[in-house]
Amino acid sequence: MLDYHLHLWPHDQRDTPLDLEQVAAYCERAAAAGVVEVALTEHLFRFVQAKGLLGPFWEADPAAHLHGSMAAYWQHHATADLDRYVDAVLEAKRAGLPVVLGLEVDWYAGRMGAVGDLLAGYPFDVLLGSVHWLGAWRFDDLDDPVSMAEWPAREVDAVWTAYVDALEELAASGACDVLAHPDLVKVAGHRPGRPQEWWDRIAEAVARQRLAAEVSSAGWRKPVGEQYPAEGLLVRLAAHGVPLTTASDAHRQEEVADRADELRALLASIGVDRLQGFRRRQGHSVPVARAPAGVAAGPAPGAPSGNGSDPGRGQEPS
Ligand SMILES: [Zn+2]
Ligand SMILES: [Zn+2]
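Now for a quick tour of the structure. (Residues numbered from 1 in each chain as written. Chains lettered and ligands numbered in written order. Predicted model: local features only at pLDDT ≥ 70, side-chain atom pairs only at ≥ 80, totals over all residues.)

Brief notes about the pairing of strand β1 (residues 2-6)
The following threshold applies: Counting other C-beta atoms within 10 Å of each residue's C-beta, where C-beta atoms are placed from the backbone, gives the exposure class: buried for 20 or more, exposed for 12 or fewer, partly exposed between. To qualify as a helix, a DSSP run of H or I must reach at least 4 residues; to qualify as a strand, a run of E must reach at least 2; elements of each kind are numbered from the N terminus. Orient the strands so they point away from the viewer, and a crossover whose first-strand-to-second-strand path over the helix runs clockwise is right-handed.
In terms of residue burial, β1 counts as a mostly covered element, since five of its five residues are buried. In terms of handedness, the path from β1 via helix α1 (residues 20-32) over to strand β2 (residues 37-43) forms a crossover that is right-handed.

In structure tokens:
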């Protein structure tokens, strides 16, 4: 079992220095749930390097009433230093923690070459690909009234089509190894009556590009109230032979390995018993099953036990 989608900072918190104790606490909580390896996958847009490269991409969207919201979002988030993040994760690896170096990468129309050039300068183990916004619209930002007011103003089918268009382009860009939360567009609970045609397109895009897909417990914490992907999409991915990862998409320590047992049961129900881990963006096979007692990777000797504080929680974007 893996937890291949973890964040260090809640969205309502500015970045804070990453230390070994926080990573060790994540690993300890993961190990207790039978997770043998975690990937730290902070959002690319939390780093000043992304701000210089990509901002203000939202101004290309004719929906000008959304520009201010996205500009403020980037102003708040893009403050950390990517070099320091990478150094801190590599330090955790050297200390023997069962962690790999990852990043969650968004889709930026026409700019993925520049994103790829930036990321090629770092020794990433795994890159997640995500579609969180369409143009200037953060369709998954449940706490933002400007973003949520868009849902009733748009046709659900058209939104799903735009989402899958973006996702196909992201998959074809070569910028990622794993498609994160493949049907995130359902997050606020808006789904087409017959989603099968969109599920088919998503599964085919992932298979065509030989990517892995993520099975995430985060959707259970959202209004949609089900895992990503929906069972109908998960079955399609499995039928295409798409390798899978498992993930919590935690933004705080107490969400690490969230509902790992339910993810295991879901995978068992469709006959999946292997996952895909990554080293330097190359896949390898990992069992779903809990390792026998005493075998699961744990925190480094002397690592602190995790009892982090619980800041007030909103609905984190993914
Ligand atoms: Zn995400
Ligand atoms: Zn995430």
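There's more to say after this.
Concerning the sheet that holds β2
Stated formally: The rule for pairing is simple: two strands pair if DSSP sees at least two bridges between them.
Within the open sheet, the seven strands sit side by side as β1-β2-β3-β4-β5-β6-β7. Their pairing is parallel. Of all the strands in the sheet, just β1 and β7 (244-247) have a single pairing partner and so form its edges. As paired strands, strand β4 (residues 126-130) and strand β5 (residues 178-179) are joined by two bridges and run parallel to one another. From the neighbouring strand, G129 faces β5, where its bridge partner is L179.

A closer look at unusual backbone geometry
In this structure, P56 follows G55 across a cis peptide bond, with omega equal to -10 degrees. Turning to its location among the elements, P56 is positioned in the loop between α2 (48-54) and α3 (67-77). Between Y228 and the following residue, P229, the backbone shows a cis peptide bond with an omega angle of -5 degrees. Inspection of the secondary structure assignment puts P229 in the loop between β6 (212-216) and α9 (231-239). One non-glycine residue, A257, adopts positive backbone phi at about 60 degrees. As for its position among the elements, A257 is in the loop between β7 and α10 (260-269). Given 25 C-beta atoms within 10 Å, A257 falls into the buried group. Phi is positive for R280, which is not a glycine, with a value near 50 degrees. With respect to the helices, strands and loops of the structure, R280 is situated in the loop between β8 (274-279) and β9 (282-287).

Some thoughts on the environment of V126
Looking at where V126 falls in the secondary structure, it is placed in strand β4. Note on V126: 28 C-beta atoms within 10 Å, which makes it buried.

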